[in-house]
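# Per-entry structural report
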Amino acid sequence: MSEDGAATTSNKTTETMSKDQQQDKRKHKVIIVGAGMAGLSSANHLTKNGCTDFLILEGRNRVGGRIVSIDMGSQKIELGANWIHGVLGNPMFELAMQHGLISIINIPKPHKVVAATEDGKQVPFQILQEIYEAYVCFLRRCEEYFLCQYLPPPDIHSVGEHINLEVELYLNSVDCQKEKHLRKLIFDCLLKRETCITGCHSMDEIDLLELGSYTELQGGNIVLPSGYSSILKPLCDNLPKENIVLSCPVRRIHWKRKAALRASASSMTASASDTILEEDEDDGGNESDDSDRTVTEVPIGADAQPGTADGQKASEASRIIKTSTANVVVECENGTVYEADHVICTLPLGVLKEQSETLFVPALPQYKIESIDSLLFGTVDKIFLEYDRPFLNATISEIMLLWEGQEGNDGEEVSDEQEQDGQWLKDNWYKKIYSFSKVSDTLLLGWISGREAEYMETLSHEIVAERCTEILRQFLKDPFVPKPKRCVCTSWRKQQFSCGSYTAIAVGASQDDIDNIAQPLYSSPHQSKPSVLFAGEHTHANFYSTVHGAYLSGRTAAQILLTPDSPQEIVMESDSSDLSSWIQGIALD
C-alpha cells in the first residue's frame, strides 16, 4: 500500500472515531428539557449525588426561564418572578441566605396606599382599610371550602362568584348609594389585583373548592436586592458548563412505548388504552404491523427535501431514532438528536398546552392531555415606567385606580361579540391596570392580567407609555405628570418558551390534574425507573405558580432517578425544605 493510501485509511479511521465520539456525546443517562428553576434544580440534585452524565437543553439563549432581572436606571427590575414567597421551609430563601443574597436587616419602607376615582378624588384611608379587611375575610372564607370540605351555596362554582355574593350582602347594609358605589369600586379593584396574584383573566375562572389547595409559606414576600436572577449563579456554578446547551429548542421527545394492543372498541376500556405495554423486540419482521412506527419514524417536512442539508439532517435523525436502543430519543429543532435513558421535561404548562399533542411520540396518555387542557395558564404582565425626576408625593407608595368599569371587573357584562371584534379590548384594555406602585422614587410598576394583558402585548411601548401618562394625569388630577423617559412591558403570552405566566386551578379542574401531569411515563410495566418525568411549578400540587414549587418538583424528579430500584415506593431525602411531611403533620391541627 502506498503512503497516500495509508494516509487515506488513517484519515477515514479518524473520521469514524470522531463520528463515534460525537455520537457518544449525544448519549446521556438523563436529558433535562428546559433550564428554568425546575431544570436547574434537577441538574443540581443529580450533580450533588455524583451523577454528571446529564445534559440540559434550553430553547432560550439564557438560563432561568421565567426568572429574569434587568437593570433599569440604578434599579434591578424583575420581568418575571418577583418575590421569594415566604421564609419558613422555602428552599429559595435558604439558598439566598446561604449565598449572602439577602440582607438580614430588613428596614421596612413606608407603605402608604392611596385609592383614587376617575375624577381624581381620593378615598378616605379609613374606608379603604375597612373594605380591604372585609375582602381578605371573604377570600379566606373561599379557601376554607378546600380545607374544611364543606359545600358552597348552590350554583356558586368560582371564587369570583362567591366573593361577588359576599360583596353584595356586605353592600346591602350600606344605605347611601354614593357610599355603596365607592365601596363597590374598591372591591372591583381588589378583584383585579387578585387576578394578577392568581394568574387568570377573571376570578370567575378559578375553582372555589380548590383555592385553598395552594399552601402559603409564612414570612411574607422577600425581594432579592441583587435581583431574583442572582439566585441562578450558585445553581449554575455547581454544573459543568458543557452540560448546558442554550438556544436549542426541542422539537420532539420519542419515548419507547408499544402502542396499545389492537382490540375492538367495545372490548377495550379507556384505562386499558392508556396501559403501557412492553416493547416487542422481534416485531420488525411483521411489515403490516405499524404499531411501532410512531416511535421509529420521523416525518420529513416539505422544507427538508432529500439531498438538501436539512433533508440529510432529517434522514440522519430518522436513522438514529429507528436504530436507537435508548429509552428516549430527543430530536431538536436544529436537527441534532440525543439519546437518553431518562428525560426530565420541565417545559411550562403554557408550552405543553400548545405542543403536547405533537411534542411526544407516541402521544401522551389521554388522561395527561385532558389535565393539561383543564388547568389554567394565565397571562400576567408588568409595565415599568422610568422617570427623570420624582413627581409622586414621597410618602405615597401606591396609587390604586378605581375604574368605573362597564364590565363590572370580571368580564361578566362583556359580550362575546365585543371581545371577538377586538373593539372592546382596544377601548378598554388599560382599565385592567389596578394600580401603579413605586419601585423607587423615579420608577413605577403597573400590573395587568388576562385578555387585556394579551392585547397590551400587541401594542408598542410608546403607546402603552402614553396611555399610562394619561391615566396618571387623570387619577392624580395633575396635568403636569411627566411622560416617562423609558417604558418596559413584559410579553409572557407571546414568548414561545413560556406561552403565559403561571398555573392556576380553573373551574372544574383540581389538584388531581396537577398530579396527573406530574405522573412519570414508563416504557414498560417491568421498568424500574420511568423514561419520562415531568417537573415545573405546574407539577407541584401545593406550591403551583411559585419558584419554590418548581425547585422542589425538579429535585423530586431527580431523586426518583437516584433512588435505588423500587418502582412502588420512592423514598425522598428529608431536609428542612421538603415540606410535604411537615404540612401533612399540621393539617389536622
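Read on for an overview of the structure.

Definitions and cut-offs
Sequence order sets the numbering: in each chain, residues are counted from 1 along the sequence as written. In view of the model being predicted, local features appear only for residues whose pLDDT reaches at least 70, and side-chain atom pairs are presented and counted only at 80 or more, with totals across whole chains, interfaces and linings using the full set of residues. As a rule here, side-chain values cover all heavy atoms of the structure and leave hydrogens and water aside. DSSP calls a pair of strands paired once it identifies at least 2 bridges connecting them. Numbered from the N terminus, helices here are DSSP runs of H or I no shorter than four residues, and strands are runs of E no shorter than two. Here, axes are lines fitted to C-alpha atoms. For helices the fit covers the stretch in contact, and angles between N-to-C directions go from 0 to 180 degrees. A contact between two residues is defined here by any heavy atoms of the two lying within 4.5 Å. Between the rings of Phe, Tyr and Trp (Trp by its six-membered ring), a pair exists once the centres lie within 6.5 Å; its type follows the angle of the planes, with under 30 degrees stacked, over 60 edge-to-face, and the other angles tilted. A simple rule labels every residue: compare its accessible area, found with a 1.4 Å probe on the protein chains alone, to the largest value its type can have, and call it buried under 20%, exposed over 50%, or partly exposed in between. Handedness rule for crossovers: strands pointing away from the viewer, path from the first strand over the helix to the second running clockwise, crossover right-handed. An expected span of 1.5 Å times one less than the residue number is assigned to each helix. Each C-beta atom gives one direction from the helix axis, and the arc is the one those directions make. In protein, a polar contact means a hydrogen-donor-capable atom and an acceptor-capable atom, both N or O and within 3.5 Å, with residues adjacent in sequence counting only if both atoms are side-chain atoms; elsewhere, any N or O pair within 3.5 Å suffices. What we call a nonpolar core is a set of buried Ala, Val, Leu, Ile, Met, Phe, Trp, Tyr and Cys residues that are connected through their side-chain atoms within 4.5 Å. What sets the label is the angle itself: under 35 degrees gives roughly parallel, over 145 gives roughly antiparallel, 65 to 115 gives roughly perpendicular, and the rest give oblique. Two helices cross in a left-handed way if the nearer one is turned anticlockwise from the farther one by less than a right angle. They cross in a right-handed way if the turn is clockwise. Under the scheme applied here, ten amino acids are nonpolar (Ala, Val, Leu, Ile, Met, Phe, Trp, Tyr, Cys and Pro), four are charged (Asp, Glu, Lys and Arg), and all others, including Gly, are polar.

This next bit is on the sheet that holds strand E15 (residues 398-402). One open sheet holds the six strands; their spatial order is E6-E15-E16-E17-E14-E18, and the pairing between them is mixed. Strands at the two margins of the open sheet, each flanked by one partner only, are strand E6 (113-117) and strand E18 (486-489). Direction aside, the axes of adjacent strands within the sheet are offset by 20° on average. Across three bridges, the pairing between E15 and strand E16 (residues 435-440) is antiparallel. The residue of E16 that forms the bridge with Ile 399 is Phe 436. Contacts between helix H16 (residues 461-476) and the sheet are confined to E6, strand E14 (380-386), E15, E16, strand E17 (443-449) and E18, with E18 contributing the most and set at about 110° to the helix.

On to the packing of aromatic side chains. Across all of its chains, the model carries eleven aromatic pairs by this definition. Measuring from ring centre to ring centre gives 6.0 Å for Phe 138 and Tyr 170, while their planes differ by 75°; the resulting arrangement is edge-to-face. One end of the pair, Phe 138, is in helix H4 (residues 125-148); the other, Tyr 170, is in helix H5 (residues 159-171), with 32 residues separating them in the sequence. Exposure remark for Phe 138: the relative accessible area of 5% places this residue in the buried category. Here Tyr 170 falls in the partly exposed class, since its relative accessible area comes to 22%. Their ring planes at 85° and their centres at 5.7 Å tell us that Tyr 170 and Phe 187 sit as a pair that is edge-to-face. Taken together, the positions of Tyr 170 in helix H5 and Phe 187 in helix H6 (residues 177-198) put the pair 17 residues apart, joining distant regions of the chain. Residue classification places Phe 187 among the buried positions, given a relative accessible area of 1%. Among the aromatic residues, ring-to-ring pairing joins Trp 403, Trp 429, Tyr 430 and Phe 475 into one connected group.

Before going further, it helps to spend a moment on the pairing of strand E1 (residues 27-33). The element E1 is extensively covered by neighbouring structure, given that five of its seven residues are classed as buried. Of the pairings in the sheet, the one linking E1 to strand E11 (residues 337-345) comprises six bridges and is parallel in character. Along E11, the bridge assignment pairs Val 30 with His 342. Inspection of the sheet shows E1 paired to strand E2 (residues 54-57) by four bridges, in the parallel sense. In the sheet register, Ile 32 faces E2, and the bridge partner there is Ile 56. Traced from E1 through helix H2 (residues 37-48) to E2, the parallel crossover comes out right-handed.

With that settled, the discussion passes to H16. Given a rise of 1.5 Å per residue, 16 residues ought to cover 22 Å, and the 22 Å separating the end C-alpha atoms of H16 matches this to within 8%. The complete set of buried residues in H16 reads Val 464, Ala 465, Cys 468, Thr 469, Ile 471, Leu 472 and Phe 475. One side of H16 holds all its buried residues, which, seen down the axis, span an arc of 165°. Taken from the residues just after H16, Lys 477 is the one with a positive phi, measuring 55°.

A word on helix H3 (residues 91-98). Taken together, the buried positions of H3 are Pro 91, Met 92, Phe 93, Leu 95 and Ala 96. Sitting at the head of H3, Asn 90 places a side-chain oxygen 2.9 Å from the backbone nitrogen of Met 92.

This brings us to the side chain of Thr 539. Along the chain, the position of Thr 539 falls in the loop between strand E20 (532-534) and helix H18 (547-562). For Thr 539, a relative accessible area of 9% puts it in the buried group. In contact with Thr 539, not counting residues within four places along its chain, are Ile 514, Ile 517, Ala 518, Phe 534 and Ser 553.

Among the nonpolar cores identified, the biggest contains 48 residues, and Val 159, Ile 163, Ile 186, Phe 187, Ile 206 and Leu 402 are the most heavily contacted of them. For this core, the elements supplying multiple residues, two or more each, are E6, H4, H5, H6, E14, E15, E17 and strand E19 (502-504). With nine residues, the top contributor of residues to this core is H4. Not counting the four nearest positions on each side in its chain, Val 159 is found in contact with Leu 139, Cys 142, Met 203, Ile 206, Asp 207, Leu 208 and Leu 211. Membership of the second largest hydrophobic core comes to 42 residues, among which are Ile 67, Phe 93, Ile 231 and Tyr 551.

Between helix H11 (residues 349-359) and helix H12 (residues 366-374), whose axes approach to 9 Å, the crossing angle comes to 135°. In terms of their interaxial angle, H11 and H12 are classed as oblique. When the axes of H11 and H12 are compared, the crossing they make is left-handed. Every residue of H12 that contacts H11 at Leu 349, Leu 352, Lys 353, Ser 356 and Glu 357 is listed here: Ile 369, Ile 372 and Asp 373. Residue composition of the contact of H11 with H12, by class: four nonpolar, one polar and three charged.

In this structure, Glu 354 sits in helix H11. Given the relative accessible area of 49%, Glu 354 is considered partly exposed. A C-alpha to C-alpha distance of 8.0 Å links Glu 354 and Cys 499, two positions 145 residues apart in sequence.

When strand E3 (residues 69-72) meets strand E4 (residues 75-78), the two strands line up antiparallel, connected through four bridges. Across the sheet, the residue bridging to Met 72 is Gln 75, located in E4. Remark: two residues form the turn of the hairpin made by E3 and E4, two consecutive strands paired antiparallel; Gly 73 in that turn has positive phi of roughly 65°.

For Asn 90, the location among the structural elements is in the loop between strand E5 (84-85) and H3. A distance of 3.1 Å separates a polar atom in the side chain of Asn 90 from the backbone oxygen of Gly 86. With near-sequence residues (within four places) excluded, Asn 90 lies in contact with Ile 84, His 85, Leu 217 and His 548.

All right, on to the packing of H5 against H6 then. Where H5 meets H6, the closest approach of the two axes is 11 Å, and the angle between their N-to-C directions is 160°. With respect to each other, H5 and H6 are oriented roughly antiparallel. The hand of the H5/H6 crossing is right-handed. Residues Ile 163, Asn 164, Val 167, Tyr 170 and Leu 171 of H5 form the contact with H6, whose participating residues are Lys 180, Arg 183, Lys 184, Phe 187 and Leu 191. In the contact of H5 with H6, the residues fall into six nonpolar, one polar and three charged.

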